[in-house]
4 protein chains.
Amino acid sequence: MSAVVRVGVVGVGIMGADHVERLAGRIAHAELVAVADPDEVRAKELASHHDGVRSTGDALELITSDDVDAVVLASPGFVHEEQVLACLAAGKPVLCEKPLTMDSESSLRIVRADREVEAATGRPLVQVGFMRRFDPEYARLRSVLAGGSLGRTLLLHNVHRNASVPNPDFRSEMIVRDSLVHEVDVARFLFGEEVVSVQVLSPAPTSLAAAGVIDPQVALFTMAGGGIVTNEVFVNSQVGYEVRCEAVAERGSVVIGRPSSGAYSTALAMDGVGQWGGTVPADYRERFATAYDLEVQAWVDSVRAGTSVGPTAWDGYAATAVSTAGMASLASGERVPVDLVDPLTLSQNASSTKEPS
Amino acid sequence: MSAVVRVGVVGVGIMGADHVERLAGRIAHAELVAVADPDEVRAKELASHHDGVRSTGDALELITSDDVDAVVLASPGFVHEEQVLACLAAGKPVLCEKPLTMDSESSLRIVRADREVEAATGRPLVQVGFMRRFDPEYARLRSVLAGGSLGRTLLLHNVHRNASVPNPDFRSEMIVRDSLVHEVDVARFLFGEEVVSVQVLSPAPTSLAAAGVIDPQVALFTMAGGGIVTNEVFVNSQVGYEVRCEAVAERGSVVIGRPSSGAYSTALAMDGVGQWGGTVPADYRERFATAYDLEVQAWVDSVRAGTSVGPTAWDGYAATAVSTAGMASLASGERVPVDLVDPLTLSQNASSTKEPS
Amino acid sequence: MSAVVRVGVVGVGIMGADHVERLAGRIAHAELVAVADPDEVRAKELASHHDGVRSTGDALELITSDDVDAVVLASPGFVHEEQVLACLAAGKPVLCEKPLTMDSESSLRIVRADREVEAATGRPLVQVGFMRRFDPEYARLRSVLAGGSLGRTLLLHNVHRNASVPNPDFRSEMIVRDSLVHEVDVARFLFGEEVVSVQVLSPAPTSLAAAGVIDPQVALFTMAGGGIVTNEVFVNSQVGYEVRCEAVAERGSVVIGRPSSGAYSTALAMDGVGQWGGTVPADYRERFATAYDLEVQAWVDSVRAGTSVGPTAWDGYAATAVSTAGMASLASGERVPVDLVDPLTLSQNASSTKEPS
Amino acid sequence: MSAVVRVGVVGVGIMGADHVERLAGRIAHAELVAVADPDEVRAKELASHHDGVRSTGDALELITSDDVDAVVLASPGFVHEEQVLACLAAGKPVLCEKPLTMDSESSLRIVRADREVEAATGRPLVQVGFMRRFDPEYARLRSVLAGGSLGRTLLLHNVHRNASVPNPDFRSEMIVRDSLVHEVDVARFLFGEEVVSVQVLSPAPTSLAAAGVIDPQVALFTMAGGGIVTNEVFVNSQVGYEVRCEAVAERGSVVIGRPSSGAYSTALAMDGVGQWGGTVPADYRERFATAYDLEVQAWVDSVRAGTSVGPTAWDGYAATAVSTAGMASLASGERVPVDLVDPLTLSQNASSTKEPS
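About the cut-offs
- Residues numbered from 1 in each chain as written.
- Chains lettered and ligands numbered in written order.
- Predicted model: local features only at pLDDT ≥ 70, side-chain atom pairs only at ≥ 80, totals over all residues.
- Heavy atoms only, no water.
- UniProt positions renumbered as here; feature names shortened; annotations may be inferred.
- Salt bridge = Lys/Arg side-chain N within 4 Å of Asp/Glu carboxyl O.
- Helix = DSSP H or I, 4+ residues; strand = E, 2+ residues; numbered from the N terminus.
- Buried < 20%, exposed > 50% of the residue type's maximum accessible area, 1.4 Å probe, protein only.
- Least-squares fit on C-alpha atoms with pLDDT ≥ 70 in both.
- Contact = heavy atoms within 4.5 Å.
- Buried area = accessible area lost by both parts, 1.4 Å probe.
- Polar contact = N/O pair within 3.5 Å; in protein donor to acceptor, adjacent residues only side chain to side chain.
- Pairing = 2+ DSSP bridges.
- Axes fitted to C-alpha atoms, helices over the stretch in contact; angles between N-to-C directions.
- Expected span 1.5 Å × (residues − 1).
- Nonpolar A, V, L, I, M, F, W, Y, C, P; charged D, E, K, R; others polar.
- pLDDT = per-residue confidence, 0-100.
- Phe/Tyr/Trp six-rings, centres within 6.5 Å; stacked < 30°, edge-to-face > 60°.
- Disulfide = S-S within 2.5 Å.

An unreviewed UniProt entry lists chain A under the name Inositol 2-dehydrogenase, with Knoellia locipacati given as the organism. Heading Function (unreviewed entry) of the UniProt record for chain A holds this comment: "Involved in the oxidation of myo-inositol (MI) to 2-keto-myo-inositol (2KMI or 2-inosose)." Listed under Catalytic activity (unreviewed entry) in UniProt, the entry text for chain A is "myo-inositol + NAD(+) = scyllo-inosose + NADH + H(+)".

A.B. asks: Go over the pattern of salt bridges, please, and point to the residues and values.
C.D. replies: Applying the stated criterion to the full structure yields 92 salt bridges over all chains. Salt-bridge contacts for arginine 22 of chain B lead to aspartate 293 of chain B; the nearest nitrogen and oxygen are separated by 2.7 Å. Here the residue arginine 22 of chain B occupies a position in helix H1 (residues 14–25), and aspartate 293 of chain B occupies one in helix H9 (residues 289–305), the gap between them amounting to 271 residues. A relative accessible area of 2% places arginine 22 of chain B in the buried class. Between arginine 287 of chain C and aspartate 135 of chain C there is a salt bridge whose closest N-O contact spans 3.2 Å. Taken together, the positions of arginine 287 of chain C in helix H8 (residues 284–287) and aspartate 135 of chain C in the loop between strand S6 (126–128) and helix H6 (136–147) put the pair 152 residues apart, joining distant regions of the chain. Salt bridges sharing common partners tie together Arg133, Asp185, Arg188, Glu194 and Asp315 of chain A.

A.B. asks: Could you give an account of unusual backbone geometry, with specific residues and numbers?
C.D. replies: Omega for the peptide link from lysine 98 of chain C to proline 99 of chain C comes to -5°, which places this bond in the cis form. The residue proline 99 of chain C is located in the loop between strand S5 (94–96) and helix H5 (104–121) in this model. Along the chain, aspartate 215 of chain D connects to proline 216 of chain D via a cis peptide bond; the corresponding omega equals 5°. Within the secondary structure, proline 216 of chain D sits in the loop between strand S8 (195–201) and strand S9 (217–223). The phi dihedral of histidine 29 of chain A falls on the positive side, at around 65°, and the residue is not glycine. By secondary structure assignment, the location of histidine 29 of chain A is in the loop between helix H1 (14–25) and strand S2 (30–36).

A.B. asks: Give a detailed account of the relation of the copies chain B and chain A, specifying residues and quantitative values.
C.D. replies: In screw terms, the move from chain B to chain A is a rotation of 180° and a rise of 0.0 Å along the axis, fitting with an RMSD of 0.0 Å. What the rotation and shift describe, once combined, is the action of a two-fold rotation axis. Of every C-alpha in chain B, the one belonging to threonine 230 of chain B sits nearest the axis of rotation, 3.8 Å from it. Both copies share a contact surface, since 100% of the interface residues of chain B are interface residues in chain A too.

A.B. asks: So what's going on with the UniProt feature "domain: Gfo/Idh/MocA-like oxidoreductase N-terminal" (unreviewed entry) in chain A? Residues and values would help.
C.D. replies: UniProt's feature table lists "domain: Gfo/Idh/MocA-like oxidoreductase N-terminal" (unreviewed entry) at residues 5–116 of chain A, given in the numbering used throughout. The span residues 5–116 of chain A carries 46% helix and 21% strand; its end-to-end C-alpha distance comes to 24 Å.

A.B. asks: Describe the interface of chain B and chain A, and please don't skip the residues or the numbers.
C.D. replies: With 43 residues of chain B at the contact, the number on the chain A side is 43 residues. Of the roughly 2,900 Å² buried between chain B and chain A, counting both surfaces, carbon and sulfur atoms make up 58%. Three residues stand out in chain B for area buried against chain A, namely Leu155, Ala204 and Glu250 of chain B, and they jointly supply 16% of the buried area on that side. Applying the counting criterion to the chain B and chain A interface returns four salt bridges. Across the salt bridge formed by arginine 161 of chain A and glutamate 246 of chain B, the nearest N and O atoms sit 2.9 Å from each other. Applying the counting criterion to the chain B and chain A interface returns 14 residue pairs in polar contact (both at pLDDT 80 or more).

A.B. asks: Please provide a residue-by-residue account of the sheet that holds strand S4 (residues 70–73) of chain C, values included.
C.D. replies: All names here are of chain C. Here six strands make up an open sheet; going across it, the order is S3-S2-S1-S4-S5-S6 and the pairing parallel. The open sheet terminates on both sides in strands that have one partner only, identified here as strand S3 (54–56) and S6. For this sheet, the mean angle separating the axes of adjacent strands, direction not counted, is 25°. Pairing between strand S1 (residues 5–10) and S4: four bridges, direction parallel. Of the residues in S4, the one forming a bridge with valine 9 is valine 72. The strands touched by helix H2 (residues 40–47) within the sheet are strand S2 (30–36) and S3, with S3 carrying the most contacts at an inclination of about 170°.

A.B. asks: Which residues make up the pairing of strand S7 (residues 153–161) of chain B, and what values go with them?
C.D. replies: All names here are of chain B. With respect to burial, S7 is a largely interior element, nine of its nine residues being buried. Taken together, the eight bridges between S7 and strand S11 (residues 242–249) define a ladder with antiparallel strand orientation. Looking across to S11, one finds that leucine 155 is bridged to valine 248. Note: S7 against strand S10 (residues 228–234), seven bridges, orientation parallel. Paired with arginine 161 across the two strands is phenylalanine 234, which belongs to S10.

A.B. asks: Can you explain the sheet that holds strand S5 (residues 94–96) of chain D? Please cite residues and give values.
C.D. replies: Each strand in a sheet pairs with another by means of backbone hydrogen bonds, the pair being arranged parallel or else antiparallel. All names here are of chain D. Pairing within the open sheet is parallel, and its six strands lie in the order S3-S2-S1-S4-S5-S6. Sheet topology places strand S3 (54–56) and strand S6 (126–128) at the edges, where each strand pairs with a single neighbour. Strand-to-strand twist of the sheet, defined as the mean angle between neighbouring strand axes without regard to direction, takes the value 25°. Pairing of strand S1 (residues 5–10) with strand S2 (residues 30–36), which is carried by six bridges, proceeds in the parallel orientation. Its bridge partner being in S2, valine 9 is matched across the sheet by valine 35.

A.B. asks: Kindly report on helix H7 (residues 172–191) of chain D, identifying the contributing residues and their values.
C.D. replies: All names here are of chain D. Given a rise of 1.5 Å per residue, 20 residues ought to cover 28 Å, and the 27 Å separating the end C-alpha atoms of H7 matches this to within 8%. For H7, a buried count of 18 out of 20 residues is recorded, marking the element as mostly surrounded by other parts of the structure. Positive backbone phi, approximately 65°, marks glycine 192, located one or two places after H7.

A.B. asks: Describe in detail H1 of chain B, supporting the description with residues and values.
C.D. replies: Quick reminder: α-helices carry 3.6 residues per turn. Residues three or four places apart thus point the same way. Counted at 1.5 Å a residue, the expected span for H1 of chain B with its 12 residues is 16 Å, and the 17 Å between its end C-alpha atoms agrees. Looking at the packing, one finds that the buried side of H1 of chain B touches strand S1 (5–10), strand S2 (30–36), helix H2 (40–47), strand S4 (70–73), helix H8 (284–287) and H9 of chain B.

A.B. asks: How would you summarise the packing of helix H6 (residues 136–147) of chain D against H7 of chain D if you had to cite specific residues and measurements?
C.D. replies: All names here are of chain D. Where H6 meets H7, the closest approach of the two axes is 9 Å, and the angle between their N-to-C directions is 35°. Residue-level inspection shows Tyr138, Leu141, Arg142 and Leu145 of H6 in contact with H7, the latter providing Val186, Phe189 and Leu190. Partitioned by chemical class, the residues of the contact of H6 with H7 number six nonpolar, no polar and one charged.

A.B. asks: Give a detailed account of the confidence of the model for chain A, specifying residues and quantitative values.
C.D. replies: All names here are of chain A. When pLDDT is averaged along chain A, the result is 93, and 94% of the positions lie at 70 or above. Here residues 348–357 is a poorly scored stretch, pLDDT under 50, and it has 29 contacts once near neighbours within four places are set aside; other chains count. Interface scoring of the predicted complex returns ipTM 0.93; its pTM is 0.94.

A.B. asks: Describe the UniProt feature "domain: GFO/IDH/MocA-like oxidoreductase" (unreviewed entry) in chain A, and please don't skip the residues or the numbers.
C.D. replies: With numbering matched to this structure, UniProt assigns "domain: GFO/IDH/MocA-like oxidoreductase" (unreviewed entry) to residues 138–254 of chain A. Structurally, residues 138–254 of chain A is divided into 26% helix and 35% strand, and its ends, taken at the C-alpha atoms, are 11 Å apart.

A.B. asks: Give a detailed account of the pairing of strand S12 (residues 252–256) of chain D, specifying residues and quantitative values.
C.D. replies: All names here are of chain D. Extensive coverage of S12 is indicated by the burial of five of its five residues. Covered by surrounding structure in S12 are Gly252, Val254 and Ile256 together with Ser253 and Val255, the residues of both alternating faces. The pairing of strand S11 (residues 242–249) with S12 spans five bridges and is classified as antiparallel. Each residue of the ladder has a partner; that of alanine 249, found in S12, is glycine 252.

A.B. asks: Give me the lowdown on the packing of aromatic side chains, citing residues and values where you can.
C.D. replies: In this description, an aromatic ring pair is defined by two values, namely the gap between the centres and the angle between the planes. The tally for this structure, following the rule as stated, stands at 21 aromatic pairs over all chains. Between tyrosine 241 of chain B and tyrosine 284 of chain B the ring centres are 6.5 Å apart and the planes differ by 65°, which places this aromatic pair in the edge-to-face class. Taken as a pair, tyrosine 241 of chain B in the loop between S10 and S11 and tyrosine 284 of chain B in helix H8 lie far apart in primary sequence, 43 residues in all. Ring plane angle 35° and centroid distance 6.5 Å describe the contact between tyrosine 138 of chain C and phenylalanine 288 of chain C, whose orientation is recorded as tilted. Of this pair, tyrosine 138 of chain C sits in helix H6 while phenylalanine 288 of chain C sits in the loop between H8 and helix H9 (289–305), placing them 150 residues apart in sequence. Classification of phenylalanine 288 of chain C as buried rests on a relative accessible area of 0%. Three or more aromatic residues joined by ring pairs make a cluster, and in this case those are Tyr138, Tyr241, Tyr284, Phe288 and Tyr292 of chain A.

A.B. asks: Account for the state of the cysteines, with residues named and values stated.
C.D. replies: Residues and elements named next belong to chain A. According to the stated counting rule, one finds zero disulfides over all chains in the structure shown. Not engaged in a disulfide, the cysteine cysteine 87 finds its nearest cysteine sulfur in cysteine 96; these two sulfurs lie 8.5 Å apart. The class for cysteine 87 is buried, based on a relative accessible area of 0%.

A.B. asks: Please provide a residue-by-residue account of the environment of proline 205 of chain B, values included.
C.D. replies: In this structure, proline 205 of chain B sits in the loop between strand S8 (195–201) and strand S9 (217–223). Along the primary structure proline 205 of chain B and valine 20 of chain B are separated by 185 residues, whereas in three dimensions their C-alpha atoms are 37 Å apart. For proline 205 of chain B, the residues in contact, after removing those within four places along its chain, are Arg152 and Leu154 of chain A together with Val213, Ile214 and Asp215 of chain B.

This is the structure:
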């Protein structure tokens, strides 16, 4: 087992900067060595806060550099295919933020390439950044459901709310591709099955979304075993970041993500009326801080041990396929089947919905 | 204002017996005078527990009797039309348990008859037993949403679970007609709008339901203003009676019916593992005891005052129409539009989703 | 059993007016016939809202009047002795608001007088208005503890907060006499034992209390069996009316009165930070509305049935004795033993901490 | 800043083994190099699970060894004085588990020695393992109270329960010294003041404690500014590890440690009654896992940076002094003043209740 994993981070946006700080300060057995971004000024500025970290404008240079053992990709989705394939060519483990790629075909190419690596070396190299699988609440929910004491899982209801989306170019499809995709992975993770069809409904939108944006959206998934998942996705809720999941099984139900975790206070609020309660997380970094830490630590540990954990390239591909069907359904209003290749036609099977070790 | 309302109860099943006990013991300004049921032995037995209460096997005799000022109908739905119309003919206020009738046409005949009474006397006589409108939590939710501080209501998610349905003749349609119908009224009450279409989905059923019964069911309502309602109805949950509602509005959300109301304890449960929590209500009588008391008190008060409160014949008709569409959808799997007459074609408008005064 | 109990209410302050509205509108088998108050104008005004209710300035006239079967005393504590004894002399059941009287000696005189009535007629006539015994949460807590599955009760921690006390003449002793006294009864009710000593501690007071007022206070009770009760009483909390109790037993604990009962919402609060939670009750009438209704209905039912329920004269006397010791402790800071007569010296035993039937 | 801190751990009991696993697997910038324990077999066994970690039976050898930069002491309290002083003599930062020592005098000798180091080098070397200051809930509570929006802090109520204490030699004093001492530090941390007197009350004990053991105990602290702290400590609660704190301030209150954090489920429990709720943590390692991780990471970071964070030797000394007074009070039942030296007589002031940076 190698003593330390030397990590390079590609992409220095919000997510990339968050990973840089994590790798530099809170992850054992990792050494942050380089950051890359086309915006070289920003990359340099970020690197300058950490001793011995260099910056580059060239992601492929970072990926192929001898001083980098493993790569975190926090770049935009449309460059993921090239960068992941470069990691595979270089034989380097890669933790790729979601979405794996922007369309099913390119994701499938990555699946096939990673299977070839696995066939050759005994070990796949791609982990996709569905961090919720490492969140203690989701992990415990998975554990309870898989344990079987509640019987078979029948239904899920997911709630996903953001306070707002400031992006002036925001389009309705982004709710499916960037937000709902997390619920797709949750459904696959908790059921241990593929999503076979998806339907996205368009309620009368909130007046607080940009003109033309369908928000909130209600999405339905049908699982391979006949289970049904209802999803609320609302990205201009005005309140904060709220992510909840209720699983209904044959002998009981479980709710995670209640806003009441931890402290509550009673205090005087507006209008002289006493209130009890607490604050809602502002964003995903606050809500899933622990999940990201555990995800990256588990990834580093698996790199050291020469093993793999967490969501695979197949998981990334399957999520992209569901998102693609979901965007079609958003346009048509109809239920759209999800088109996945038969995994048996791939060179090697993958357990696509395996839980983190 | 009359000092006391002399009430007769038709039907002595679980619901009727519950109303008898309520009227005899907890409702001010009401005097229980008679009970009627085709099962005369049971009616007599029930009456014998209360001084001065007589029994009869003939509901119409009770309805037309001079010693009865007003009638509570807790008889089976298929005799409601005849009995409600008899009340109207006799000029007597009637609190009719849901469903108003078994099909839209008969419910519409009651609406028309009650409108004629109202046109002639200034006052309708029919109140339908959607008791949840009187539940303090639902009433408060309605008040918050109608108050407008959270903006327009966008979505509801309703959860409706029973521990089990022992009836050996239970059929899937009964989930729509007897359970989902409450959620129909909740949706109309909280949105203040009609349901325009309904779709009932059939997940893979629990193995703990009778063979052939589709349970749980997931139902979708589209409201007249474009709002969407998702509903889980699960009548063999094994756990208890759980009824929850989450409303999502433009500037906030509200959940009612959380299981955490009231006390919680920490104690040693099975397997030596400490537990925190509390008990789930066993059935609707426990969960909605206060709602029923408030409903009947408000009805008695309105009878005394010569006014009307609560859900109207139109509310009963509209709920029946949605249930009818829902049963068609359960069979087809498709979205089914709800067929309501134009209320303007009736002799007089009704404010169909008015809250209790 | 009498059909209807004709009730007179003495005292038309906040509490009396609340009882008048309750008796006139929500209590079965009761008929409000008269109200009395030295402020005859106010009494007349209150009576005028209810058909057939007369008013008088003379409480003793009301008590002895033939048209009054039973009396609710909501007058100030210092006139309770005279009025309760008048009820006993008239042979009329009386529901006396707390405190029973202002000192132990006068309360003991009532105990003795009520025992004489009981010895002569088989039935005591005094019920003291410790309404919490009828609150569903406290009643359930008592039931759980008395059921024995958690073993012996070891400790209680009570929290009692009011938003503020506007009275310009408010003195520290009133926290003991008027607020802590409820916790005294709670302790006696839940343990089923007497309080044998009390100590009232004076923390550094809030700057928001009037000058010289010791608020909050921390009080300790030692129970006859060695259990200990810690109490926080804080009457200028600024927030609202919060009453909680945690009971610790040998095999588990139970908390009641959590602020989370019922609905919670998430919404944007001050400073753009999302909040989850709900509102705190404004005062005791909101928090204990159901308890008061159940208390008065149970009292009316017992009057009809010729029986007795709820807290007895002895309970009122014992609470007064603990309050008296508590006020002495507030002055000295020392633990003060509670001085109760030996109940065996009374003409007849009373089960002082019997739960409501 | 040094790249990596080479850490030695003294003591390989439950706490020491927990720290070994933490330092080896989850702490950035730390390298576990050695473990020491008089039980050399156990030390060797523990070391063997981690590459490059050596073991020794001689704690002082480890402390003075050139390959150890900093020391974690998880040895029994009675050897802490010798070992901490050895660390100071060797100029090595030390994280010492609580209690700092077994009596005030020896703790004070450590305070003086650490002040001398600080006077000479500008930096104290002792951090005491009151990990709760790093628990996110306690840290947030401290932050809310110190922020001032709720006004001055008036009261605390602490609850501290363990399922059981299997030790056959367990004595009542150990509740004060080993459990209550955490609440002492919480009180000092949240008030930012010293405890000036303590009183330990002895309720009638649970029948499930060993004969002669006073359990539960109720302890009262008076703070230097007049605030009062009530504490329940119960180490045979049968249920699990429950640690809660409610702070009452002039304009609001805050509760942390509610058992409802995270998930809840509804499921069928014993006797066919549905339950909602969740599991209680089994012990402190589960409840405070995150706190320990954050504590040790902050300590390692401060060692690298040449600074200091967290509870100081003074905090350890003050806690020991309060425990000593508490044990005297347990014996006498009386309030006992806490005897602290005047910090001005020490060579240099310490901010004794400073929050973690």
